[in-house]
Every structure is written in C-alpha cells, then in structure tokens.
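Close look at the chain arrangement
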Amino acid sequence: MLRFFTIRLLRAAVTLTMVVTFAFLVLIASGDPADIIMGSDAPPEAIEAFRQAWGLDRPIWVQYLSYFSAILSGDLGRSMRDGRDAIVLVAERIPATLALTLPALALKLALGIPAGIYAALHRNSMADRAVMVLAVAGFTIPSFVLGLLLVLVFAVQLGWLPSGGQESWRHAILPVITLGIGGAAVLARFTRSAMLEVLGQPYIRTASAKGVAWRAVVSHHALPNAAIPTVTIIGFMVGSLLAGAVVVESVFSWPGVGRLLVTAVANRDLAVVQCILLLVAATMITANLVVDLLYGLLDPRLRSGKEG
Amino acid sequence: MRRRHLAGLPALFAAPALAQSDQRPELRVAVQKISNSNTLETPREQSNVGFRLSTLYAESLIGTNWTGDLRAVPELATATRRLDDRTVEFELRPGVRMHDGRVMTAEDVAFSIGGARLFGTGAARERGGITAGQQGMEPQPEVIATARRTFPGLERVEVVGEGVVRFVNRTPDVTLEKRLQQNVGVILSRAAFEASENWLAWARRPIGTGPYRVAEFRPDVSLTFEAHDEYWGGRPPARRIRFVEIPEAASRVNALFSGEVDFATDIPPDQIRSVERNPRFEVQGSAINNIRILAFDTSHAVLRNPLVRRAMSHAIDRQAIVGSLWAGRTEIPRGLQLEFFDDMYLRDWDNPRHDPAEARRLLREAGYRGEPIPYRCLNNYYVNQTANAQVMVEMWRAVGLNVQLQMMENWTQILEPGPTRGVRDWSCTHVFADPVGSLVRAMGPGSPLQRQEEWSNAAFNALSAELEASTDRARRRVVFRRMLEIIEREDPGYMVLHTAATFIAKRRDIRWRASRGWPMDFRASNLGFGA
C-alpha cells in the first residue's frame, strides 16, 4: 500500500510540475500581461512601469525560476490586475462554483444512472430508444446553446427564472440544469453499456438459472460489476468540480472559478491562472486516487492484484 | 456612556423610516465589464469601461457636456483665471459636500492633482512584485506614469486661499485647463485617502463629489452606488444604481428582456433591430469621442513607400462601411479631429476621398507588384472589427492590393515587431478638446506609434513640440493643419475609418439620453421616470 501511495504521489508531483511549466511558458510566450492589462490606450511609460514592477522585463528563465521557487515555498503569487493574493482570489470563487457543480453532480447521478440501468434492462424497447435519443441529444448540444435556449424559454418568454447572476438560489436553477443534463446523458450511456455487458455474462445466467429473483440478480450481481466504468466517469466529474463550469458560468454570469479563469487567461494574469490550474490538477489527481481505491473495494480481484 | 447609547436610538429607528420614505427607484445596468483593473481609481483604470463609471462618483474642476456638444462646463470650479502662459487659478465651487460628509477644500484639490494620490511620495519599491495595494498607500508605478503623462509640465499646485487654487506649469501650456477635464484629474477626499487601510482599499472605494457614492464593489461581479443626496447639482433621481457584469452580449439583452436589468450596454449594431422590435425597449447611442483608425508600420518592406499607404486609404469606401456595418448610426470625421476642438477644428479638412482609380494610379507609380501586406487583427476587440477588416480586404483587392488578414489573440501579438507587421487596427480617444489630447498623445514623440517604431517623422515631431508649447492660437491652427498634411497625406502614419459608437439598450419608459462619450449620466438633468 505504501508503495502504491508513493508511486501515486511521485506521479502527482511530476504532473503538477508539468502543469506549472507548460502554463507558464504558454502564457508568457503568447502575450505580455503589461500590454493586455494596461490596454492599448495606456501611455507607454505606464506600460513600462508595470513591466518593471512585476519583473516582466527580466529574462523568461529568471521569471520562471523565481516563480517556481516561490511556489515551492508556498507562495502562489499575486494577481497582476489588482495585487491581491491569487489564492485568496481563487478561494473566494470556490463556493460559488461548488454551488453549481455539486447540485449539478447530484442531478447527473440522479438522472443518468437510473436512466442507464432502465435502458439496459429494457434493451431495444421504445423506452430504451427514447432514453438513448435524449442522451445523445443531451451530450451533443453544447452547453452554451442549451444555456441560452433555457434562458430564452424560462427567463425571457415565461419569466419564471432569472437569466443570470448569483443573487438567490433561483439564479442557480438554470445553470445547474444546463450542467446536469450533459453529464447525466454521458452517465446514462456509460451505465447502459456497462450493464448490458454484465447482463450478458455467464454468472448472470447462472444466478437466474439457480432461481434467484431477477431484482436480486440485478442488484447483487449486475450492478456492482457494472459500477467500475461508471465510477471512473464519476471520478472525472468529481475532478472537474472546480473548473468544469467555465462556459456555463460565462453564459449565466456566475462569478465562479471558471469565469475567473477566463478573465485571468485573457489578461495573462499568471499567478491566478497557475493557482487555478494547480487546484484543478490537485482535485483531479485526488479524484483519480479515490477512484483507484474504490476499484479495489468494488472488485476484490483488483485489490489482491490477481486476474480473475 | 448611557446617554450616548440612548442618543443613538432615535437615529436607529429613523433610519428604516427614511429608507421606507425614499420612493426613488433602483436602477440596474448590465455591463460587459465593470473594471479592468478591479479598481475605481481613475489613473489606474484608464479604460472605456472605467470612463463609463467615473463621472458617477468623481468630478473634475472643469466638466464636459457629455450629453451635448462635449464642450467644457463649470464643475467643481466656478471661475478660471489665466495669470500667464504657465499659470491658471481656479475658484472652487463653495459648499460642495463630499461622500464622506466633508466640504471640499482647496487642500483636497492640491492633494488630488499635485499630491500623493497621483505622484506618490517617492517611497522605495520592491522590484519584481506588487508593491502597492495591500502593503501601503504608495500608488502603483503605472499610476504615477499615467499622471506624469497627463500633466507632463505640472510644477506645483498652490493653495492660494480659501476656495482658490493655482496650477503652475514648468512650461507654457494653453491646454492645462483641458487636461484638467480628464478623469485622471478628478477631485477626491484627502482625509479619506489618509484614513484608508491601504491603496487598494482606497482605489476600490474612492471618496469623491459625484451624484452617487460607491456602496459596494464586488470585483468582476457588481458595483452598487447609492444616491449622494447632498450632491451640489441636485438630489439624484435614483436611490441606487447597480451595475452587474454580464460578459456575453446575448445574455445582457436577455437580462433586459426578462426585466432583470433596466439598461444593457455595449449592444452590437446587428442586434439593435431585434431589441427595438420589442416596443418596451429602445437603443440609444451615437458616435463618441473616439475614432477608429488603421495604423501603418512604415518599416514594412511594401509600406515603406508612402504611395502604397496613400493608395490603401483611397481604396476604402468609408461611407459604405458605416452604412452597411453600422446601419448609418455613426459618422466619418474629417481626419483625426472632432468638432468639439472649437477654434482648433479645421472644417475644410477631410480624409483622402474614396477613389479606386487614384489608388490604382498610385500603386502603378509605386511599382507595386502584388506583394503581400499583412493585416493583424483581433477578433472584435473593437465593435465590428472582424467584419470591417474583411470588407476592407475586399476593397483593397478590388484595386490590386494583396492584403492578408492575420487573426491574433492579443495586443502583444499585434504589436510584435518583425517583417510580418504591416497594418493593424487601432482607435484614438480625444481625451480633451485639443489636438494635443489625441494627435500628439497618440502619434507624437514618445507616443505608442513611435515607441513601437511603426512610424516617425522629424518634421511632425518638431511641430508636435510647437503645438504643445505654443500659446499663439492662430499659429497653433497652422501647425495642426501641417501636422495633418504630413501624417494623413504625405507620409501616412494611419488612416481614419470612422468615429466609434456605443449603443445602450434601455427601457423605453425611463427618460434618459446616452452621452457622446463613454460616461453614463444619471444626474437629475438626464434621468426621469414615468410620464
């Protein structure tokens, strides 16, 4: 187990280093924050003063080493836009993002998994086809299109819900639905495929032949075995809780991490972008680690390292 | 102690009563961006979005008639006296109450323009990291640089007596009064600055004299103003104004239609008709004090020849662009000047006419053989930018010019020097009513155009210096004309396209007029409700 964790931690460290380095190089090479933040009308003297104040006039490798050593000492830097600590700026936005992504995750699970199971158990029926048509529509419609459609119907035409902002729980309904529908569709398809594969296995036939009730066959034999691919997808969804709502937050003017990321990238606000990327990478790595552990719980063969 | 507590009780009960009795409505305005720098300090937020808001909370000694002819109007000063070419004296408006309840004094003026707010105290700064903001009251280096650029010759601001201040310049400058109209020179409370926790806290809640005071600023989310009921210009008609940030234009329009906001700014021209189809809404807006231009890089192998640059200008049908892309709702200025220049406005000046035959003749004379000319372009940083660029590329193609459109992501990529830098989009804001505030600022010595080594002309530079220092008005007109001849005809550094315009969608039942600039005026003279 110790070896398992050590290897995972080393991999995580390498991944984080690559994320930091890649993001630094891309951001620095593709735009000068001084030009972008100060704007095209700013006096040249002001742009130069900005560059000097932030050390942007130094060679790139000096900037990189200085930045990397700061990260190692726990300093994630400050926003070039307003001088605040990047970690504080990001931390302020996390609750807003989680207020969308957690209910959306619950919606995905509540809709996607039962729909997938139902479709698999009624394979080739009208219900199966209807669920799959909806699922295909759900994950092929881009979230910005779906979001705008929902706004047009429920905010502009019917006037039932607000079109954007973050003032009350009602403001979260449309973005949560927009986020939830796409994920539920993906989960439904994966769950259906996994269930169909398991339902075709000999041990399912054996259980049925032994006279076990079909409900028990499904709940005790099919579902646990079909859970592994579904858990993998859920792991990805949990990993993207922090930055999985970039487009939806923009469409609904929701002031979360996603919108902060868009603004920070556009402004080449390095410290803020890096801070978000590090958090996202850390969340993703943690989610993957948890999924790996869950595999062991779901399938004892994986725990003992033996093939069936 | 007991008495102090009891003394507060009537006020405690009175406050809700007052709030209930205040029947003025609350306005909600959807904007694309509240502040680029996440601050409201004008020298730090020199942007279109910053110009939109600053007149709400802060004012200058001399104001601008934004909803009229853009000319100067008395604001915090009631009288101006020119003592000599270097010195101007201002009599301050008496009894102007600031947002912190204090009466504005001459010391506030000296602090706001000549003191620590703009120029700092010279305290040492740490290199390579943010130094202002959370640590102290020293303004950021770019604030000081902007201040120096705005008031380049300012020597000192003297408090002459109660309500009288004197501005002394190192060099003669007839534009000093006009420079003071810019929002860098707004008058803010010295006491509030000194009481602030740090510069960032101050910059997020500057205490000025405007009709509305900053109540709450949530960067990237919303900015709420409350009426400043002791405003010298009359009680503001709205109780509160809340600006909410909605980056997407479609979402702003949806918010207006669903009744969540009363105004939606930055409406693209192609959406005006769809908004106005609904009888409850209208779109206001017009040409503003900003001119869209195209800058030439004269170090480019083809553009080195001024004949090619002149041909490019003759090939463009500006009227067709304004008619088709702007629905005729903007104007074509007569060169890089606006009518509010007053005695400096050259009525008989005009842009090179649309003349494809002349363009072809110039290209023949230049020996142009279809060599590619790169045109770096951002994706709609300016309204209609991409469509405009595509139309112009076709107009150039029609006269034989091979202009190649290159889409870029940001200004660094647009400005990066090299053989592939040729033509680029730009705009020029007339920050005050004199060519010094636009032509010299944007094209003269030390300007962005010359610093980036896109264009330079020794004769033009000498005339720029003369225009800045001369106090002979007749001579200044001659100098200005000659400068336009050089930079727009003989050795083009840019070509004028059209005046920029901004459009605001609003509820039709709110009486309000859009200004001829970025600022939104919500004072009693420009805002009303009901019949």
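Computed from a predicted model, the values in this text were never measured in an experiment. (Residues numbered from 1 in each chain as written. Chains lettered and ligands numbered in written order. Predicted model: local features only at pLDDT ≥ 70, side-chain atom pairs only at ≥ 80, totals over all residues.)

1. Comments concerning the overall build of chain A
Applied cut-off: We count a stretch as a helix when DSSP gives it H or I for four or more residues in a row; a strand needs E for two or more, and each element gets its number in order from the N terminus. Every C-beta atom is placed from the backbone, and the number of other C-beta atoms within 10 Å of a residue's own sets its class: buried at 20 or more, exposed at 12 or fewer, partly exposed in between. Note on contacts: each residue gets a C-beta atom placed from the backbone, and two residues are in contact if those atoms are within 7 Å.
Each helix and strand counted, chain A has 14 helices and zero strands in total. For chain A, the α and β elements follow one another from N to C terminus as α-α-α-α-α-α-α-α-α-α-α-α-α-α. Oriented by its inertia axes, the alpha-carbon framework of chain A measures out at about 85 × 60 × 30 Å. Expressed as a percentage of its 308 residues, the buried residues of chain A come to 41%. Counting contacts in chain A only where the partners sit at least 6 residues apart, residues at least 24 apart contribute 73% of the total.

2. Thoughts on the sheet that holds strand β10 (residues 240-245) of chain B
Residue and element names in this part refer to chain B. The cut-off we apply is this: Two strands are counted as paired when DSSP detects at least two bridges linking them.
In space, the ten strands of this open sheet follow the order β8-β9-β10-β1-β11-β16-β12-β15-β13-β14, with mixed pairing throughout. Two strands bound the open sheet, and with one partner strand each, they are β8 (212-218) and β14 (403-408). Relative to strand β16 (residues 494-507), strand β11 (residues 263-264) runs antiparallel, the two being bridged by two bridges. Bridge pairing in β16 places A264 opposite A505.

3. Quick look at the interface of chain B and chain A
Filter applied, for reference: Gly is put with the polar residues, along with every residue not named as nonpolar or charged; the nonpolar set is Ala, Val, Leu, Ile, Met, Phe, Trp, Tyr, Cys and Pro, and the charged set is Asp, Glu, Lys and Arg.
Taken together, the contact between chain B and chain A spans 49 residues of the former and 43 residues of the latter. Element by element, the count of residues in the side of chain B that touches chain A is highest for helix α5 (residues 141-150) of chain B, at seven residues. Taken together, the residues of the side of chain B that touches chain A sort by class into 18 nonpolar, 21 polar and ten charged.

4. Digging into unusual backbone geometry
Backbone geometry places S253(A), a non-glycine residue, at a positive phi of 50°. Positive phi outside glycine occurs at L70(B), with the angle close to 70°. The topology assignment puts L70(B) in the loop between β2 (62-64) and β3 (72-74). Residue L70(B) is classed as buried on the basis of its C-beta count, with 23 C-beta atoms lying within 10 Å.

5. A short note on the nonpolar core
Residue and element names in this part refer to chain B. This is how it is decided: For our purposes the nonpolar core covers buried Ala, Val, Leu, Ile, Met, Phe, Trp, Tyr and Cys residues that link as a set through C-beta atoms within 7 Å. The domain boundaries here were taken from an automatic or database domain assignment.
Counting 146 residues, the largest nonpolar core has A30 and I293 as the members making the most contacts within it. Three or more residues apiece are contributed to this core by two domains, here domain 1 (25-245 + 508-529) and domain 2 (288-500). Dropping the residues within four chain positions of it, A30 is found in contact with V244, I246, R252, A255, L256, V261, F263, A264 and T265.

6. What to know about the packing of helix α5 (residues 86-121) of chain A against helix α6 (residues 126-140) of chain A
Helix-helix packing: each pair is described by the crossing angle between the helix axes and the interaxial distance. Residue and element names in this part refer to chain A. Note the cut-off: Fitting a line to C-alpha atoms yields each axis, with helices limited to the stretch in contact; the angle taken between N-to-C directions then spans 0 to 180 degrees. Each crossing gets its hand from how the near helix is turned against the far one by less than a right angle, where anticlockwise is left-handed and clockwise is right-handed.
Two elements in contact, α5 and α6, have axes separated by 8 Å at closest approach and are oriented at 140°. Remark: the crossing between α5 and α6 carries left-handed chirality. Between α5 and α6, the residues in contact are A115, Y118 and A119 and A127, D128, V131 and M132, respectively. Across the contact of α5 with α6, the residue classes tally to six nonpolar, no polar and one charged.

7. Observations concerning the environment of I47(A)
All names here are of chain A. Following the sequence through the fold, I47 ends up in helix α3 (residues 44-54). Separated by 93 residues in sequence, I47 and T140 have C-alpha atoms that sit 44 Å apart. In contact with I47, not counting residues within four places along its chain, are A34, D35, M38 and A42.

8. Regarding the domain arrangement of chain B
Residue and element names in this part refer to chain B. When cut into domains, chain B gives domain 1 (25-245 + 508-529) and domain 2 (288-500). The gap between the C-alpha centroids of domain 1 and domain 2 is 32 Å. The interface is formed by 16 residues belonging to domain 1 together with eleven residues belonging to domain 2. Across the side of domain 1 that touches domain 2, the residue classes break down as five nonpolar, five polar and six charged.

9. Things to note about the pairing of β10(B)
The side chains of a regular strand alternate between the sheet's two faces. Residues and elements named next belong to chain B. Taken together, the six bridges between strand β1 (residues 26-31) and β10 define a ladder with parallel strand orientation. Looking at the pairing, E26 lines up with R240 of β10. Where strand β9 (residues 222-227) meets β10, five bridges bridge the pair, whose relative direction is antiparallel. Looking at the pairing, L223 lines up with F243 of β10.

10. Here's the deal with the sheet that holds strand β6 (residues 154-161) of chain B
Residues and elements named next belong to chain B. Taking strand neighbours across the sheet as the criterion, the four strands line up as β4-β5-β7-β6 in an open arrangement whose pairing is antiparallel. Both edges of this open sheet fall to β4 (77-84) and β6, since each of them pairs with a single strand only. Each neighbouring strand pair of the sheet contributes to a mean axis angle of 20°, computed without reference to strand direction. Both strand β5 (residues 87-92) and strand β7 (residues 164-169) contribute to a ladder of five bridges, which runs antiparallel. Each residue of the ladder has a partner; that of V88, found in β7, is F167. The strands that helix α3 (residues 106-114) touches are β5, β6 and β7; relative to β6, the one it contacts most, it runs at about 175°.

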